[in-house]
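# Structure at a glance
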Amino acid sequence: MTSDVWTDAALTRLQAAGYKTVEVDQSVLPGARAVRRSDFRLTWFLTRLHTFVVFLAVDNASGQDLAAITDLAAEWAKRAKGGLPVGFQNSVAVIPVIVCANADEPARLGALAKPRKRFGMMTFPMLVDPVRLFVATYSRTVAWGIAYIDFLAEQQRLVVGAQDAPVLGTQGGRGLVWLYRAILPLLGLLVVAGVLAYALA
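Predicted model only: the values in this text are computed from it and were never measured.

### Considering the nonpolar core
Counting residues in each nonpolar core, the largest one holds 33 residues, and the members touching the most others are V53, F55, V97 and L152. At the level of secondary structure, the elements contributing two or more residues to this core comprise α1 (3–16), β3 (47–57), β4 (90–99), β6 (126–129) and α4 (149–160). Considering every element that reaches this core, the biggest residue donor is α4, with seven residues. Apart from residues lying up to four places away in sequence, V97 is in contact with W6, V53, V54, F55, L56, M126, V128 and V159. The next biggest cluster of nonpolar side chains, apart from the first, holds 26 residues, and it includes A74, A111, L127 and A136.

The structure is reproduced here in structure tokens:
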């Protein structure tokens with residue numbers, strides 16, 4: 001399967017799930033294609049999550065390429081989001097999908113590595129080889145994005161088109177998710193109490 005055919009199929013799945021096409025600044029990411037969606041959930045501490053999936057097909061990928069594409073996609077998504085600044089009751093998740101049949105070992109290891117923290121943003125790069133059907137991405141759980149992990153894992157499954165894909169939260173760390181779910185009702189009550197106290201003050 002060629003990179004273009006695979007990318008078209010992934011975009012079709014995402015659009016069917018509610019994503020909208022968004023134009024990518026080609027001066028920043030030449031050849032990139034992207035979709036986005038915006039979701040608001042009470043279980044996300046009353047925040048809105050703007051999710052961008054950015055596809056870029058390259059002939060060869062190195063560890064430096066993966067890092068550079070991830071950083072550029074994050075900066076572009078932050079500007080393209082619009083609305084309130086990142087961090088003010090809204091967050092941005094970026095899934096840069098590097099489609100490449102010739103990725104070196106540092107690139108594969110970089111995709112598998114724990115993503116670095118960014119203020120109000122999360123980036124979870126995916127390295128996909130459509131010929132060998134190989135997928136590399138961080139597959140454990142990150143505490144600093146625990147509220148969104150299951151949602152973002154599902155978005156990564158949509159990208160790959162497989163429910164058994166090695167995506168976020170599939171290789172351990174589920175205890176953090178269960179703990180979060182267990183204390184969520186208490187956290188919700190604390191938020192409501194804080195809002196009421198502020199309103200009645």
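### With respect to the packing of aromatic side chains
Scanning all chains against the criterion turns up two aromatic pairs. Measuring from ring centre to ring centre gives 5.5 Å for F52 and W76, while their planes differ by 80°; the resulting arrangement is edge-to-face. Of this pair, F52 sits in strand β3 while W76 sits in helix α2 (residues 63–81), placing them 24 residues apart in sequence. Under the relative-accessibility criterion, F52 is labelled buried at 0%. A cation over an aromatic ring shows up here: R37 above the ring of Y19, its NZ or CZ 5.3 Å from the ring centre.

### Points about the pairing of β3
Across the 11 residues of β3, nine count as buried, placing the element largely inside the fold. As paired elements, strand β2 (residues 33–41) and β3 share nine bridges and run antiparallel to each other. Considered in β3, the bridge of R41 is made with T47. In this structure, the hairpin formed by β2 and β3 is closed by a connection of five residues, where F45 is found at a positive phi of approximately 55°. Both β3 and β4 contribute to a ladder of 10 bridges, which runs parallel. Pairing of F52 across the sheet is with V94, part of β4.

### Some points on the environment of S91
Counting through the fold element by element, S91 comes out in strand β4. Residues S91 and K78, spaced 13 residues apart in sequence, show a C-alpha to C-alpha distance of 9.4 Å. Ignoring anything within four residues of it in the chain, the contact list for S91 reads R48, L49, H50, G120 and Y148. Here Y148 takes part through its side chain, which lies 3.5 Å from a polar atom of the side chain of S91.

So, how was this worked out
- Residues numbered from 1 in each chain as written.
- Predicted model: local features only at pLDDT ≥ 70, side-chain atom pairs only at ≥ 80, totals over all residues.
- Heavy atoms only, no water.
- Core = buried A, V, L, I, M, F, W, Y, C linked by side-chain atoms within 4.5 Å.
- Buried < 20%, exposed > 50% of the residue type's maximum accessible area, 1.4 Å probe, protein only.
- Helix = DSSP H or I, 4+ residues; strand = E, 2+ residues; numbered from the N terminus.
- Contact = heavy atoms within 4.5 Å.
- Phe/Tyr/Trp six-rings, centres within 6.5 Å; stacked < 30°, edge-to-face > 60°.
- Lys NZ or Arg CZ within 6 Å of the ring centre and 35° of its normal.
- Pairing = 2+ DSSP bridges.
- Polar contact = N/O pair within 3.5 Å; in protein donor to acceptor, adjacent residues only side chain to side chain.

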